[in-house]
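# Structural characterization, general
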Amino acid sequence: IFNDAIREEHIDRSLYPFNKFTIPSEKSYKTKLLYDQIKDLEGAKLKKGQRRWDSRNMFVFAFYARGMRFRDILQLTWGKVKNGRLRYIMEKTGHLVDMELLPQMNDILDHYRPEEEEPDPEDYVFLFFQKEKDYTDKKFFENQVSSKNSLVNGKIKEVAKKVDIEENVSFHVARHSFAYHCLKEGKDGYTIKDLLGHQDNRATMQILKS
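So, a few notes on the structure that sits alongside this text. It should be emphasised that the depicted structure is a prediction, and the values quoted were computed from it without experimental measurement.

### A look at the packing of helix 3 (residues 51–64) against helix 5 (residues 103–112)
Two numbers describe how helix 3 lies on helix 5: the axes approach to 9 Å, and their chain directions differ by 150 degrees. In terms of axis orientation, helix 3 runs roughly antiparallel to helix 5. In the packing of helix 3 onto helix 5, the handedness of the crossing is left-handed. Between helix 3 and helix 5, the residues in contact are Trp-53, Asp-54, Asn-57, Val-60, Phe-61 and Tyr-64 and Gln-104, Met-105, Ile-108, Leu-109, His-111 and Tyr-112, respectively. For the contact of helix 3 with helix 5, the residue count by class is eight nonpolar, three polar and one charged.

This is the structure we're talking about:
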C-alpha cells in the first residue's frame, strides 16, 4: 500500500516507514518442469479457441522463446514474428531478442495466423489484448496485465492437472523451465544468462541454484 501511495505521489518517499526493516529471507524453491512435462502440456487435448487452449499455447510458446516473460508475450504482435524470426525488445531490461522461430513456435502461430491474408503487423497474436484499446495509460495497462496474468495462471494450472503434473505451475515457470533445460543440455551459466536476457549473472544463478 505504501509503495502504491509513493508511486502515485500521495506520500513522499522520505516518509516510508520500513527502510530499516528487512523480512528474513528463506531459501525459496522455484518450480521448474522437465522437458517431458513441457511436452505433456504441449500435447494436452484441449478444445480450440477456449482460454485453456490459448493459455497453454502461450506457456509452451514462452518456453521455446527462451523463457519469454508474460507481459512481453501479452504484447506480442505479428510485426514481431516475421521472416521466420521472433524479434522484440524485453520490456523489463530493454534487451533485444532476435531468434529463429522454432518449428514448435511456428506450429502454435499457425493456429492464430489468418488463413486468407497477411496478418496486420499491429494485431496481437494471442488476442488477450485488443488493438482497438488504448494501453498507453500506465495504470490501465498494469491492471490489464495483472488480470490477464491471473486468468492465464488459473487456466495453466487446470491444464497441468489434466496431464498429471503435480507441481504448482504458473506462467513464469516456463522461464525457469527453459533455464533448467538449458542447464541439463550442458549450456554454461553465461550462455544461459544471454539467452534469458539478464543484465548480469546473479539473476541467472538464482534460478539455476534454486
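### Some words on the pairing of strand 2 (residues 85–89)
Residue alternation in strand 2 divides its side chains into a buried set, Leu-86 and Tyr-88, and an unburied set, Arg-85, Arg-87 and Ile-89. Sheet analysis places strand 1 (residues 81–82) next to strand 2, joined by two bridges and oriented antiparallel. Bridge pairing links Val-81 to Leu-86 in strand 2. Between strand 1 and the antiparallel strand that follows it, strand 2, lie two residues; Asn-83 among them carries a positive phi value of about 55 degrees. For strand 2 and strand 3 (residues 96–100), the ladder comprises five bridges, and the chain directions are antiparallel. Bridged to Ile-89 within strand 3 is Leu-96. Linkage of strand 2 to strand 3, two consecutive antiparallel strands, is achieved through a turn of six residues, within which Gly-94 is found at a positive phi near 75 degrees.

Rules and cut-offs
- Residues numbered from 1 in each chain as written.
- Predicted model: local features only at pLDDT ≥ 70, side-chain atom pairs only at ≥ 80, totals over all residues.
- Heavy atoms only, no water.
- Axes fitted to C-alpha atoms, helices over the stretch in contact; angles between N-to-C directions.
- Helix = DSSP H or I, 4+ residues; strand = E, 2+ residues; numbered from the N terminus.
- Parallel < 35°, antiparallel > 145°, perpendicular 65-115°, else oblique.
- Left-handed = near helix turned anticlockwise from the far one by under 90°.
- Contact = heavy atoms within 4.5 Å.
- Nonpolar A, V, L, I, M, F, W, Y, C, P; charged D, E, K, R; others polar.
- Buried < 20%, exposed > 50% of the residue type's maximum accessible area, 1.4 Å probe, protein only.
- Pairing = 2+ DSSP bridges.

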